[in-house]
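Listed below are the residues making up each chain.
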Amino acid sequence: MSTAILPTGSWRRRLRAWRLTDALSLTWLGLLALAALALPLFLQLDTETMSATERLAGPSAQHWLGTDNYGRDLLARALSGARVSLLIGFGSVAAAALIGVPLGMLAGYLKGAVDAVISFVVDVILAFPGLVLALALASFLGASVSNVMIAIVVPMTPVFVRLAKAQTMSVAGREYVEASQVIGTRTWSIVVRDVLPNILPAVLAYALVSVGSAILIEGGLSFLGMGVPPEQPSWGSMINNGRIFISEDPRLVAVPSLFMLLTILGLNLIADRFLSPSAAATGGVR
Amino acid sequence: MKQPIFTLENGSVRYGHGHPDAVSDVTVRLYPGEILGLVGESGCGKSTTARAMLGLVPLSAGRLTLHGTPVNPHDRRLRAAVQAIFQNPAASFNPRRSLLDSVAEPLRVHGQGTARQRRERALEELDRVGVTAQMAARRPNEVSGGQCQRAAIARATILRPEVLVCDEPVSALDVSIQAQILELLAELRTEQGLAMLFISHDLGVVASLCDRTAVMYAGRMVEQGAATEIAGNPRHPYSVALQDAVPSLDLSDGLAPRIRTRTGADDVDGRLLPGCRFAALCPSATPECTAAAPVLAELAPRHEVACHHPFDPAP
Amino acid sequence: MTDGTLLSIKDLVVEFPTGAGTVRAVDHVSLELGYGERLGIVGESGSGKSVLARTAMGLTRPGTARISGQVTIAGHPVLELGERRRRALWGREVAMVFQDPLSALHPITPIGEQIAEAARRDPRTTRRQAAARAVELLETVGIPQATRRVHARAHELSGGMRQRVAIAMAIACRPKLLFADEPTTALDVTVQARILDLFDQLCAEFGIGLVMVSHDLGVVGRHTDHVAVMYAGRIAERGPVRAVFARPSMRYTSALMAAIPRHRAAEQSLPRPIPGQPPNLLAPPPGCRFGPRCGQASPRCHAEQPPLLALGDAPGHEYACWHPGEADR
Ligand SMILES: Nc1ncnc2c1ncn2[C@@H]1O[C@H](COP(=O)(O)OP(=O)(O)O)[C@@H](O)[C@H]1O
Ligand SMILES: Nc1ncnc2c1ncn2[C@@H]1O[C@H](COP(=O)(O)OP(=O)(O)O)[C@@H](O)[C@H]1O
Ligand code: SF4
Ligand code: SF4
Ligand SMILES: [Mg+2]
Ligand SMILES: [Mg+2]
């Protein structure tokens, strides 16, 4: 123990631990976000212009990834879809985490009656299969971006509650939390200063993975026609639209699917970094 | 006679329903300038006793007193007067903060001084226990266990408490470092007149540092007395077995164990026995022992034993 | 040493390349052990005890470490053997008992089956013989009601019982040499005493050679015949236990002995600390590794590494120190 003194330059070590896949994942996600969020500011993505002559056209200088069955530019639609998918993905996860984590921490730290009530509600929601619950909510609320988000947030929040509760309980049992109690630190201060920063890596990692699932659920809902309204392109609605032509021209399904696949893969790879031993060594998750 | 500063009186702790008491009817009295050692095998309730005295677990029976008056575990008087040092040096610090921050934290919590003054005081305190400013700027996982434990002592003493509860403070350290920490604790006792509860499973450590020693078995206090007495002249059969088991470094020492515990009863949970909790292993057990639990009684001045048939060194 | 050599370690060096540099965990160590003898290896954590024991047994994978030197166990050149032949040694010529018995035990397989499986490493043993041997072994290691206990699972046993089961597995094929790496560190003293007695009994009864690794000088002093004190990967002093304890000559040995609290001393006194900390093996000090912490260090100590020199009091007592003595005690 005494000889295993870590060098102080932990940032450098952390950077060195990054792999090529992480760089690729980050690049992809960065480009996608940039294209989805920034490009529309500078040039109008034409997602709507139909063209009878250019139906199901292959890639060309004008349409890099070709066009769909209405002659609309696939790349433009995929990027525009990214905007919706990322908004729903990050938005619903942020909402679920912001609601779920504080509740989970309360349950985990205070235990007792608070825990009993919160856990009961969580158990009830989790008794429904997540996707079915989302489906039911979406069909009940009607198709719109915000309703899709609600349909995703409701089944996702309890998982954050559970995660935060479990993490909090494990952190709260550690000696440094007891040490803080002994010096007389108030409960809220312990929760904010000692517990939160130490459960954050696990929560972030799970949140990133959840963004992937949220995008997937959005795709599923839109694919079933219960998600984003058809006039607003999203990856799910594009796949839905392309599925009739799957044998004729698989590109219509392949392009949005590939976007979705790469995005979710990238998110999962980045999430792995938060859970890796090197992250743990720098004070991350056990 | 001196009055105890801080006591746990007839304390019992139970972790959840359906469990037997982790500790039952335990009394601990801490006197200024005196270190009380608490020994016993793992699971016998040493940490639970410490946690109860720190108000970290609720008492199901019994009470705490400070300067002779009962004190509630959440009382802020307790928080300033009673501090703690834990076993695992690195784990007792928030891994995301520097040692200096953590050592200054008690001052912040108790609203003393400006941020700058607190820093100065923390650096002073750290220097006193032998941690340099350069080390203090590091995080707990970036320094050695010994350095971390020194910082833990600085954090515990920065409020000038009257009582220090130390739960296995040297168990994770190598002997050469352990001796450094013991020296530091002995200094605190004499210079600041601190009262200490010192938990260890190492009988040698307790014998060399403590003034009095208490022996626990299966959640009960079975013997208490002067440290040299408990080491040299234990009277409870369990204490004798414990002392016999220590592999002494002085190879010329007599080796023959004074007591042979009964074999084959290792898995018996003493807490569930109706009478004496050591009865299943005790070679001197009689029907009286299984019928009624012995209570602590003074066998010699300041030497208490809970046993119906105490070990007699010269029969 | 009598009876020929059971274990011979010659000039062993084990280095681990790490991101921050090379750690030399074992630095030119030579040791010998005769059949049926017991050797204790003591030192503080990080001094290289476990790496030495694991490498001697052939457990350190060459992929993770650079190893040089020779190790011979009962005539087998351990380091030169291929993976398959080396594995064939484990259990039958040499076995190991670890600090945490759970690491050696399967969580849900009944312990009897695990011991029988260990016994079947010897291909001559039939299934039925192995099952009978499991019961016999449980009795040997002092587990009462063995016929009933064979069905128990690891988690149902106390720590001491688990360690007994691990020992039963280790001796199932009657190895000639047993390594025990801190076998009692996780146990209570009373349990430790009984496990140590068991090792004594096994060595006496079956003529097993024992290498006991421990940070506890008392454990080694009471239960081995020879001792090697390690500091920062090197042998600081070695020899017959009584000779070394009676006349510790390398300054680290005497400082270490003075740092150990005495539990039955006539007069209460605090153990004497050793200043400083063990060296960082990434940048060890030149000359004597103990130099920076040693009260007797001279310029020579900081420049030249002291060789192991023989001391007259007992055959085999050697120390590595330029200014030997026991003035510290
Ligand atoms: N948080 C807990 N929940 C339930 N049981 C516990 C808990 N902590 C300790 N115990 C039980 O209480 C008893 C005493 O434990 P402890 O005070 O930690 O003993 P020691 O410190 O002497 O090893 C043990 O039987 C242990 O299993
Ligand atoms: N696989 C490894 N990679 C790098 N360093 C190692 C490895 N194993 C052990 N070491 C280093 O070798 C030294 C000796 O370790 P070890 O033999 O486990 O010490 P001991 O058993 O005496 O406590 C330590 O400094 C340790 O950090
Ligand atoms: S009361 Fe009886 S059983 Fe208990 S320790 Fe004393 S003699 Fe043994
Ligand atoms: S060689 Fe020198 S530094 Fe090393 S132990 Fe001997 S006296 Fe001390
Ligand atoms: Mg404990
Ligand atoms: Mg080791």
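The structure displayed is predicted, hence computed values, not measured ones.

Turning our eyes to something else, we now look at the overall build of chain B. From N to C terminus, chain B includes 11 helices and 12 strands. In terms of its C-alpha atoms, chain B occupies a principal-axis envelope of roughly 65 × 45 × 40 Å. Here chain B holds 315 residues, and the buried ones make up 57% of them. Residue pairs at least 24 apart in sequence account for 64% of intrachain contacts in chain B once pairs closer than 6 positions are excluded. Carbon and sulfur atoms make up 50% of the accessible area of chain B, which amounts to about 12,200 Å² in all.

What follows is about the nonpolar core. Judged by nonpolar contacts, the single largest core of 61 residues is most densely connected at Ile-88, Val-101, Phe-160, Ile-199 and Trp-235 of chain A. Counting residues per element, the ones that place at least two in this core are helix H2 (20–37), helix H4 (74–110), helix H6 (130–141), helix H7 (145–172), helix H8 (175–182), helix H9 (187–223), helix H10 (235–242) and helix H11 (251–275) of chain A. Top element by residues in this core is H4 of chain A. It accounts for 13 residues. Of all hydrophobic cores here, the second largest spans 60 residues; its members include Val-103, Val-205, Leu-209 and Val-215 of chain B.

Turning our eyes to something else, we now look at the site of ligand 3. Among the 13 residues in the neighbourhood of ligand 3, the closest are listed as Cys-276, Cys-282, Cys-289, Cys-307 and His-308 of chain B. Residues that form the shell around ligand 3 fall into these classes: 9 nonpolar, 4 polar and no charged.

Taken as a whole and judged by the stated rule, the model has 29 salt bridges over all chains. Between Arg-51 of chain B and Glu-178 of chain A there is a salt bridge, with its nearest N and O atoms 2.1 Å apart. Taken together, the residues span two chains, with Arg-51 of chain B in helix H1 (residues 46–53) and Glu-178 of chain A in helix H8. The exposure class of Glu-178 of chain A is buried, given its relative accessible area of 10%. Among the charged side chains, a salt-bridge network with shared partners connects Glu-15, Arg-24, Asp-27, Arg-66, Arg-234 and Arg-289 of chain C.

On to the domain arrangement of chain B, then. All names here are of chain B. We note that the domain assignment places domain 1 (6–210) and domain 2 (234–305) within chain B. Between the C-alpha centres of domain 1 and domain 2 there is a distance of 29 Å. Taken together, the contacts link 13 residues of domain 1 with 8 residues of domain 2. Summed over both partners, the interface of domain 1 with domain 2 buries about 720 Å², with 49% contributed by carbon and sulfur atoms. Counting across the interface, domain 1 meets domain 2 through 0 salt bridges. For the pair domain 1 and domain 2, the number of links is 6 residue pairs in polar contact (both at pLDDT 80 or more). Looking at side-chain class alone, the side of domain 1 that touches domain 2 contains 6 nonpolar, 4 polar and 3 charged residues.

A few words now on unusual backbone geometry. With a phi close to 55°, Lys-111 of chain A is a non-glycine residue in the positive phi region. As for its position among the elements, Lys-111 of chain A is in the loop between H4 and helix H5 (112–127). Even without a glycine there, the phi angle at Ala-74 of chain C is positive, about 45°. The class of Ala-74 of chain C is buried, set by a relative accessible area of 19%.

A few words on the packing of H6 of chain A against H7 of chain A. All names here are of chain A. Across the interface, H6 lies against H7 with an axial gap of 8 Å and an inter-helix angle of 150°. Taken together, H6 and H7 sit at an angle that is classed as roughly antiparallel. Crossing hand, H6 versus H7: right-handed. Along the contact surface, H6 presents Gly-130, Leu-133, Ala-134, Leu-137, Ala-138 and Leu-141, while H7 presents Asn-147, Ile-150, Ala-151, Val-154 and Pro-155. Split into classes, the residues belonging to the contact of H6 with H7 amount to 9 nonpolar, 2 polar and no charged.

Moving on, we get to the sheet that holds strand E3 (residues 35–39) of chain B. Residues and elements named next belong to chain B. In spatial order, the strands read E6-E7-E8-E3-E9-E10-E12-E11; together these 8 strands make up an open sheet with mixed pairing. Two strands in the sheet have a free side with no partner beyond their single neighbour: strand E6 (82–85) and strand E11 (297–300). Strand-to-strand twist in this sheet, taken as the mean axis angle between neighbours without regard to direction, amounts to 25°. Packed on one face of the sheet, helix H10 (residues 237–245) meets E3, strand E9 (212–217) and strand E10 (220–226) and runs near 105° to E9.

This part covers the site of ligand 2. Taken together, the neighbourhood of ligand 2 is formed by 13 residues, with Gly-46, Gly-48, Lys-49, Ser-50 and Val-51 of chain C sitting nearest. More than one chain approaches ligand 2, the contributing ones being chains A and C. With respect to ligand 2, the backbone of Gly-46 of chain C contributes an N or O atom lying 2.7 Å from an oxygen atom. Interatomic distance of 2.7 Å between a side-chain N/O atom of Ser-50 of chain C and an oxygen atom of ligand 2. When isolated, ligand 2 has an accessible area of 560 Å², and the protein chains bury 66% of it. Elements supplying a minimum of two residues to the shell around ligand 2: strand E1 (5–18) and helix H1 (49–57) of chain C.

Glancing now at the packing of H8 of chain A against H9 of chain A. All names here are of chain A. Direction vectors running N to C along H8 and H9 enclose 170°, while the axes themselves pass 11 Å from each other. One element, H8, and the other, H9, form an angle in the roughly antiparallel class. The residues of H9 that touch H8, namely those facing Tyr-176, Val-177, Ser-180 and Gln-181, are Ile-190, Asp-194 and Asn-198. For the contact of H8 with H9, the class distribution of residues is 3 nonpolar, 3 polar and 1 charged.

What follows is about the packing of aromatic side chains. One pass over the structure, following the stated rule, counts 9 aromatic pairs over all chains. With a centroid separation of 5.2 Å and 70° between ring planes, the pair formed by Phe-160 of chain A and Tyr-206 of chain A is classed as edge-to-face. Remark: Tyr-206 of chain A occurs in helix H9 and Phe-160 of chain A occurs in helix H7; sequence separation between them is 46 residues. The class for Phe-160 of chain A is buried, based on a relative accessible area of 0%. Arranged with centres 4.5 Å apart and planes meeting at 50°, the rings of Tyr-217 of chain B and Tyr-238 of chain B form a pair that is tilted. With Tyr-217 of chain B in strand E9 and Tyr-238 of chain B in helix H10, this residue pair connects regions lying 21 residues apart in the sequence. Overall, Tyr-238 of chain B belongs to the buried group, its relative accessible area being 2%.

Procedures and definitions
- Residues numbered from 1 in each chain as written.
- Chains lettered and ligands numbered in written order.
- Predicted model: local features only at pLDDT ≥ 70, side-chain atom pairs only at ≥ 80, totals over all residues.
- Heavy atoms only, no water.
- Helix = DSSP H or I, 4+ residues; strand = E, 2+ residues; numbered from the N terminus.
- Buried < 20%, exposed > 50% of the residue type's maximum accessible area, 1.4 Å probe, protein only.
- Contact = heavy atoms within 4.5 Å.
- Areas by Shrake-Rupley, 256 points an atom, 1.4 Å probe, with all protein chains shown as cover.
- Core = buried A, V, L, I, M, F, W, Y, C linked by side-chain atoms within 4.5 Å.
- Near = heavy atom within 4 Å.
- Nonpolar A, V, L, I, M, F, W, Y, C, P; charged D, E, K, R; others polar.
- Salt bridge = Lys/Arg side-chain N within 4 Å of Asp/Glu carboxyl O.
- Domains from an automatic or database assignment.
- Buried area = accessible area lost by both parts, 1.4 Å probe.
- Polar contact = N/O pair within 3.5 Å; in protein donor to acceptor, adjacent residues only side chain to side chain.
- Axes fitted to C-alpha atoms, helices over the stretch in contact; angles between N-to-C directions.
- Parallel < 35°, antiparallel > 145°, perpendicular 65-115°, else oblique.
- Left-handed = near helix turned anticlockwise from the far one by under 90°.
- Pairing = 2+ DSSP bridges.
- Phe/Tyr/Trp six-rings, centres within 6.5 Å; stacked < 30°, edge-to-face > 60°.

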